[in-house]
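# Residue-level structure breakdown
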There are 2 protein chains.
Amino acid sequence: MTADIPHVVIIGGGFGGLSTARKLANKRARVTLIDRRNHHLFQPLLYQVATGGLSPANIAVPLRALFKGDDNVTTLLGDVSNLDLENRQVRLHDGEALDYDALVVAAGAGTSYFGHETEWQERAPSLKSIEDATKIRRRVLLAFEDAERTADDARRAAMLTFVIVGGGPTGVELAGAIAEVAYRTVRGEFRNAHVENTRVVLLEGSPRLLGAFHDDMSARARRDLEQLGVEVVTQAMVETIDDDGVRARIDGGELRIDTTNVFWAAGVRPSKLATALAEQSGAELDRAGRVIVESDCTLAGRPEVFVIGDMARFDQDDAPLPGLAPVAMQQGRYAAKAILARGQERPSRPFRYVDKGNMATIGRGRAVAEVGADGSIRFGGAFAWLAWLFIHLMYLTEFQNRILVLVQWGWNYVTRNRSARLITGASREGPY
Amino acid sequence: MTADIPHVVIIGGGFGGLSTARKLANKRARVTLIDRRNHHLFQPLLYQVATGGLSPANIAVPLRALFKGDDNVTTLLGDVSNLDLENRQVRLHDGEALDYDALVVAAGAGTSYFGHETEWQERAPSLKSIEDATKIRRRVLLAFEDAERTADDARRAAMLTFVIVGGGPTGVELAGAIAEVAYRTVRGEFRNAHVENTRVVLLEGSPRLLGAFHDDMSARARRDLEQLGVEVVTQAMVETIDDDGVRARIDGGELRIDTTNVFWAAGVRPSKLATALAEQSGAELDRAGRVIVESDCTLAGRPEVFVIGDMARFDQDDAPLPGLAPVAMQQGRYAAKAILARGQERPSRPFRYVDKGNMATIGRGRAVAEVGADGSIRFGGAFAWLAWLFIHLMYLTEFQNRILVLVQWGWNYVTRNRSARLITGASREGPY
C-alpha cells in the first residue's frame with residue numbers, strides 16, 4: 001500500500017456502495033468493492049420481475065462490468081464475516097483479511113418479520129433479491145395453475161386470494177401488479193379457474209398507505225388501487241400467518257382471510273454488520289437497529305469509517321432520513337469526496353440530503369409523485385406514471401441495457417403482455 | 001365428451017406437442033395439453049442463456065399465452081405418472097386420470113450419462129432446461145470469480161479450464177460461447193485472474209464434430225472453434241469425471257485435464273414414458289431407448305396413439321430421423337391432420353420428413369449450414385451466421401417478444417456485451 005494512496009474498502013454494491021465506488025474510480029484511491037452478489041440490483045423494479053413484466057437481467061448489472069475500465073477499483077465476490085475496527089481490517093468468510101485506510105459500510109437492510117421470522121419467513125416471502133422475485137413469481141403463477149386443477153370451491157377461492165402485507169411503495173406496487181396479472185394478463189388463459197374472482201388484499205398497519213407521502217397522495221393511491229380491484233385494509237396488524245391464511249387485528253375486531261399466497265413488504269432490518277459497528281465503537285443503534293452516525297456520516301470516534309444508506313440513522317431537521325436509494329447515493333458520493341478531500345487535508349462539510357421528490361407507481365399507467373423541496377408539488381395519474389418511468393429509466397444509467405428495458409416496457413404496455421411469466425426453480429412448491 | 005368431437009391428449013409442450021396442439025386449435029377436437037412446465041422452451045438458444053447473452057424469458061413463452069384465444073385447447077401443468085393404453089387413460093401424478101380418444105406422446109428426451117448418472121450428473125451438468133442453463137451460467141461466472149480470489153497457481157489454472165463433453169451442435173455452440181466470454185466479455189474485468197489464460201476444451205468421442213453434417217462442415221466448425229481459442233479433441237472417450245477433472249481415453253493414450261468445470265452435451269435418453277408405451281403395446285424400443293413407430297407415427301396395434309419427436313424412432317430411406325426440432329414439428333402437424341382426417345374417415349398417407357437443412361453456430365458471427373434436399377448446398381462464415389439468426393428468429397414466431405430478442409442480440413453483437421451475466425441461485429456452489 002502506498003502511503004499517499006489510501007486503500008478504501010467498500011462493503012456492499014447497492015446504491016450507496018456503488019455511488020461511492022464510482023466517485024472514487026480513477027481518483028487517488030485504491031478501491032476494493034465487496035459484495036455477496038456479482039450484480040448491482042435496481043430494487044425499485046423488483047416487483048416487475050415478481051409479476052413477470054421484466055427479466056432479472058433487465059434490472060441487474062454485473063458489478064465487474066461497471067468498473068471494467070477503472071483499474072483502481074477491484075471487485076470481490078465475498079461475504080464479510082466480521083470487522084476489526086481497531087486494526088482496520090475486514091474479514092471475509094473464507095478467512096481472508098483486508099486492511100483498509102478508509103471503510104465505507106453500505107451493506108443495506110434485509111427483511112424484518114417483527115420477531116416472527118421462523119413462522120412467517122417461508123410462508124410470506126419478501127422482495128429483496130432476484131431469488132425472492134422469482135420465488136414470488138413462481139408462487140403467483142402456480143396459484144392460478146393450482147386453481148385451474150382443483151375441484152374444491154373453497155380451496156380454489158383461497159388459491160385465488162393474494163394478501164400483501166405492508167402498504168409502503170413495494171406493497172402498493174406489488175398489489176397493483178398482481179391485480180393486473182389476475183384481471184388483465186391471464187384473462188382468457190384458464191378454462192376452470194375463474195381468475196376474474198381473484199382477490200388481492202393489501203394490509204397496512206398504519207391508518208394510511210405510503211406513509212412517507214402527503215395525505216392527498218395516500219388517498220389517491222388507495223383510490224387508484226381500489227379501481228384496479230385491490231381491497232385495501234388499513235390499521236390491520238397481522239397476528240398469525242399459517243397454511244390456511246392470515247389473521248389480522250383490525251379497528252374494532254378481527255379479520256380472517258383464507259389464502260395460500262401471502263407476500264411480505266412490511267419491515268426492514270439493517271445488516272448484521274450494524275451490531276458489530278456499534279459494539280466496536282461508541283456509536284449507538286436506534287430502535288430500528290440502524291447505526292446512529294455523525295454529521296459527516298462517520299462512526300463516532302472512527303473518522304475513517306463511514307456508514308451509509310439503509311444501515312445508517314441520520315437525522316436531518318429533527319427527523320431521520322428515509323431508507324431510499326437517493327439518500328444512499330448522495331451519502332455515497334459525500335463519503336467518496338470526504339475521503340479524497342482528507343488526502344488533501346481539506347475539511348469536509350456535514351452531509352445534507354437534498355430531497356428531489358418521491359414517487360410510487362400503482363399499476364399500468366398510474367402513479368403518485370411529490371416533488372419540490374417540501375413535497376409541495378403533488379400529482380398523480382398518467383403524467384406521474386410517465387415521470388416515474390422516465391426517472392427510473394434515467395436511474396438505470398448504470399445499466400447498459402436501459403434501452404432494452406424501455407423497449408420491453410413499451411411492448412408490455414401496448415400489448416398488456418407479461419412475457420417473463422416463467423415458473424422456474426428446482427422443486428415445485430405449494431399444495432399441488 | 002361428445003361422440004363426434006374427439007378428446008385429444010397431448011403429453012409435452014415441446015416442439016412436437018406444441019405443433020400438434022396449434023394444428024388442432026379451433027378445429028373439431030377437444031385438446032388437453034399437459035406439460036410439467038408452464039412454458040415452451042426454445043432449446044436451440046439455451047446455450048445463450050448459459051453464457052449470459054439472453055435471459056430465460058427471451059427463449060421461453062408461457063404455454064397458456066399461446067392458446068389464450070383457442071377455447072378448445074386446455075393447458076394443464078402436470079406430471080404424467082403412467083399410461084393405461086387399454087383403457088385409454090393418462091394418469092397424472094396427483095391421481096387425476098384423463099380419458100382420451102387420441103393420444104399424442106411427445107415427452108422428449110433427457111440427458112444420458114451412459115450409465116454414470118450417479119457420479120457424473122452433479123459434476124457435469126447438462127443443458128436441457130432453464131434451470132440447467134442458469135446453473136451452468138452460475139458455474140462459469142463463479143469459476144472466474146474463484147480464480148480472481150485464489151493465490152494457488154495450479155488451482156487457478158483448473159478453475160480457468162472449461163471442458164465440454166460432446167461435439168454435437170450444443171457442445172460446439174457452448175464451447176464457442178464460453179471462449180467468447182473468457183477472451184472477449186470479461187477481458188479487463190479481473191485484476192488477478194489472468195482470464196486470457198483460460199482453456200476451453202471440447203471433447204468428442206467420434207472422429208469429427210457435428211456428426212450429422214457433411215465432412216466439410218465438420219472441418220470448418222473445428223477450424224472456426226480453434227480460431228476462437230477452443231482446443232478440440234476428437235476420438236476422446238471420457239472415462240472418469242471427479243472433483244479434480246476429467247480423464248479420457250484418446251487415440252494412442254490417455255488425456256488428463258485438471259478442471260473444476262465440466263459440462264455435458266453428449267448423450268440423450270428418451271422420456272421414461274417410452275418404456276410404458278413399449279410394455280403396453282407390441283412396439284419395441286431401439287438401442288437408444290426410442291419407441292419404434294409405424295409409418296404413420298402411431299404405436300403398433302394402437303392406431304389412436306401417436307409417438308413423435310425425440311421419443312420416437314422413425315426410419316426413412318433406411319436411416320433413423322435425427323432428434324431435431326423440425327422433425328418433431330412436422331410429425332406433430334402430421335399427427336394432428338391424421339386425427340382430424342379420421343373423424344372424417346379419410347385415409348392418411350405415411351409420414352415423410354422434408355429436410356430443409358441443418359445449421360449450427362460457432363461463436364459471434366460464424367456458423368455452418370447445409371441446405372437443399374440432400375444437404376448439397378453448404379456454406380459457413382458470416383453469411384451462415386446471418387441465415388442462422390434469421391431462421392432462428394423466424395422459429396421464434398410463437399414468441400411475442402421476437403423483436404426484443406433481435407434487439408438484445410443486435411445490442412450484444414455491437415457492444416460485445418453479455419448483460420445477463422447474473423450469478424443467481426439460493427446457495428453458492430463450488431470450492432469457495
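Residues numbered from 1 in each chain as written. Chains lettered and ligands numbered in written order. Predicted model: local features only at pLDDT ≥ 70, side-chain atom pairs only at ≥ 80, totals over all residues. Heavy atoms only, no water.

### Re the overall build of chain A
Looking only at helices and strands, chain A has 12 helices and 27 strands in total. Radius of gyration (C-alpha) of chain A: 22 Å, near the 22 Å computed for a compact globule of 432 residues. In terms of overall dimensions, chain A has C-alpha extents of about 75 × 45 × 45 Å along its principal axes. Intrachain contacts of chain A at a sequence separation of at least 6 include 63% that bridge at least 24 residues. Each charge class in chain A can be summarised by its mean position, and for the 52 positive and 54 negative side chains these summaries are 5 Å apart. (Helix = DSSP H or I, 4+ residues; strand = E, 2+ residues; numbered from the N terminus. Rg over C-alpha atoms; globule rule 2.2 N^0.38 Å. Contact = heavy atoms within 4.5 Å. Lys, Arg positive; Asp, Glu negative; His and termini not counted. Charge placed at Lys NZ, Arg CZ, Asp CG, Glu CD.)

### Regarding helix α1 (residues 15-24) of chain B
Counting buried positions over the 10 residues of α1 of chain B gives 8, a clear majority of the element. Following α1 of chain B by one or two positions, N26 of chain B adopts a phi angle in the positive range, close to 60 degrees. (Buried < 20%, exposed > 50% of the residue type's maximum accessible area, 1.4 Å probe, protein only.)

### Considerations on the pattern of salt bridges
Under the criterion given, the structure shown has 60 salt bridges over all chains. Between R366 of chain A and D224 of chain A there is a salt bridge, and its shortest N-O distance comes to 3.8 Å. Here D224 of chain A lies in helix α8 (residues 215-228) and R366 of chain A lies in the loop between β25 (358-361) and β26 (367-371), a separation of 142 residues in the sequence. Residue classification places D224 of chain A among the buried residues on the basis of a relative accessible area of 3%. A salt bridge links R302 of chain B to E304 of chain B; its shortest N-O distance comes to 3.8 Å. We classify R302 of chain B as buried; its relative accessible area is 15%. Taking the relative accessible area as the measure of exposure, E304 of chain B reaches 7% and is therefore buried. When salt bridges with common partners are traced through the structure, they connect E86, R88, R302 and E304 of chain A into a single cluster. (Salt bridge = Lys/Arg side-chain N within 4 Å of Asp/Glu carboxyl O.)

### Description of the pairing of strand β7 (residues 89-92) of chain A
Residues and elements named next belong to chain A. Bridge count between strand β6 (residues 80-84) and β7: 4 bridges; the pairing is antiparallel. By the bridge assignment for β7, D84 is matched with Q89. Here β6 folds back onto β7, and the loop between the two strands holds 4 residues, one of which, R88, carries a positive phi near 50 degrees. As paired strands, β7 and strand β8 (residues 97-99) are joined by 3 bridges and run antiparallel to one another. (Pairing = 2+ DSSP bridges.)

### Considerations on unusual backbone geometry
Of note, the phi angle at F114 of chain A is positive, near 55 degrees, even though the residue is not glycine. Relative to the elements of secondary structure, F114 of chain A occurs in the loop between β10 (109-112) and α4 (117-120).

### Quick look at the packing of aromatic side chains
All names here are of chain A. Per the counting criterion, the structure on display carries 18 aromatic pairs over all chains. Ring geometry for W120 and W264: centres 5.5 Å apart, planes at 50 degrees, overall tilted. A residue pair is termed long-range when its members are at least 10 positions apart, and W120 in helix α4 and W264 in strand β17 (residues 261-264) qualify at 144 residues. Of the two residues examined, W120 and W264, each falls in the buried class. (Phe/Tyr/Trp six-rings, centres within 6.5 Å; stacked < 30°, edge-to-face > 60°.)

### Regarding the sheet that holds strand β20 (residues 298-299) of chain B
All names here are of chain B. With mixed pairing, 6 strands are arranged side by side in an open sheet as β5-β2-β1-β9-β21-β20. Looking at which strands have only one partner, the edges of the open sheet turn out to be β5 (73-77) and β20. α1 rests against β1 (7-11), β2 (30-35), β5 and β9 (102-105) of the sheet, and its axis sits at about 155 degrees to β1. (Axes fitted to C-alpha atoms, helices over the stretch in contact; angles between N-to-C directions.)

### Quick look at the sheet that holds strand β16 (residues 253-258) of chain A
All names here are of chain A. Spatial strand order, β14-β15-β16: 3 strands in an open sheet with antiparallel pairing. Edge positions in the sheet fall to β14 (237-242) and β16, since each of these pairs with one other strand and no more. Within the sheet, the average angular offset between the axes of one strand and its neighbour, ignoring direction, is 20 degrees. Sheet topology note: the strand β15 (residues 245-250)/β16 ladder contains 6 bridges and is antiparallel. What sits directly across from R249, in β16, is E254.

### What to know about the side chain of N72 of chain A
All names here are of chain A. Note on placement: N72 falls in the loop between α3 (63-66) and β5 (73-77). Residue classification places N72 among the buried positions, given a relative accessible area of 14%. A distance of 2.9 Å separates a polar side-chain atom of N72 from the backbone oxygen of A29. Each residue touching N72, except ones within four places of it in the same chain, is listed here: L24, A25, N26, K27, A29, R30 and V31. (Polar contact = N/O pair within 3.5 Å; in protein donor to acceptor, adjacent residues only side chain to side chain.)

### What to know about the side chain of R290 of chain A
Residue and element names in this part refer to chain A. Relative to the elements of secondary structure, R290 occurs in the loop between α9 (273-279) and β19 (291-292). Judged by relative accessible area, R290 falls into the buried class, the value being 16%. Residue contacts for R290: discarding those within four places in its chain leaves P270, E284, L285, D310, M311, A312, R313, P320 and L321.

### Brief notes about helix α7 (residues 169-185) of chain B
An ideal rise of 1.5 Å per residue puts 24 Å on 17 residues; α7 of chain B measures up with 22 Å between its terminal C-alpha atoms. Burial analysis of α7 of chain B places 14 of its 17 residues in the buried class, which makes it a mostly covered element. (Expected span 1.5 Å × (residues − 1).)

### Structural notes on the pairing of β15 of chain A
Residues and elements named next belong to chain A. Two strands pair when backbone bridges link them, and β14 and β15 are joined in this way by 5 bridges, in the antiparallel orientation. Directly across from T240, in β15, lies its bridge partner R247. Where β15 folds back on β16, the antiparallel hairpin that results is connected by 2 residues, among which G252 adopts a positive phi of roughly 85 degrees.

### Observations regarding the confidence of the model for chain A
All names here are of chain A. Overall, the predicted model of chain A reaches an average pLDDT of 89, with 90% of residues at or above 70. Here residues 426-432 scores under 50 on pLDDT; set against residues more than four positions off or in separate chains, the count is 19 contacts. This prediction of the complex comes with two scores: 0.90 for pTM and 0.86 for ipTM. (pLDDT = per-residue confidence, 0-100.)

### What to know about the environment of L46 of chain A
Residue and element names in this part refer to chain A. With respect to the helices and strands, L46 occurs in helix α2 (residues 46-50). Put simply, L46 and A29 are 17 residues apart on the chain and 33 Å apart in space, counted from C-alpha to C-alpha. Those residues in contact with L46 that sit more than four places away from it in its chain are L41, I59, L127, K128, S129, I130 and A133.

### Side note on the environment of I11 of chain B
All names here are of chain B. In this fold, I11 is placed in strand β1. For the pair I11 and V49, spaced 38 residues apart in sequence, the C-alpha to C-alpha distance is 26 Å. Leaving out residues up to four positions away in the same chain, I11 has contacts with I34, V80, L83, V90, L103, V104, V105, A106, A107 and L273.

### Focus: the environment of E119 of chain B
Residue and element names in this part refer to chain B. Residue placement: E119 occurs in helix α4 (residues 117-120). Looking at E119, the relative accessible area reads 35%, which means it is partly exposed. Separated by 121 residues in sequence, E119 and T240 have C-alpha atoms that sit 8.8 Å apart. In terms of polar contacts, E119 uses its side chain to reach the side chain of H116, at 3.0 Å.

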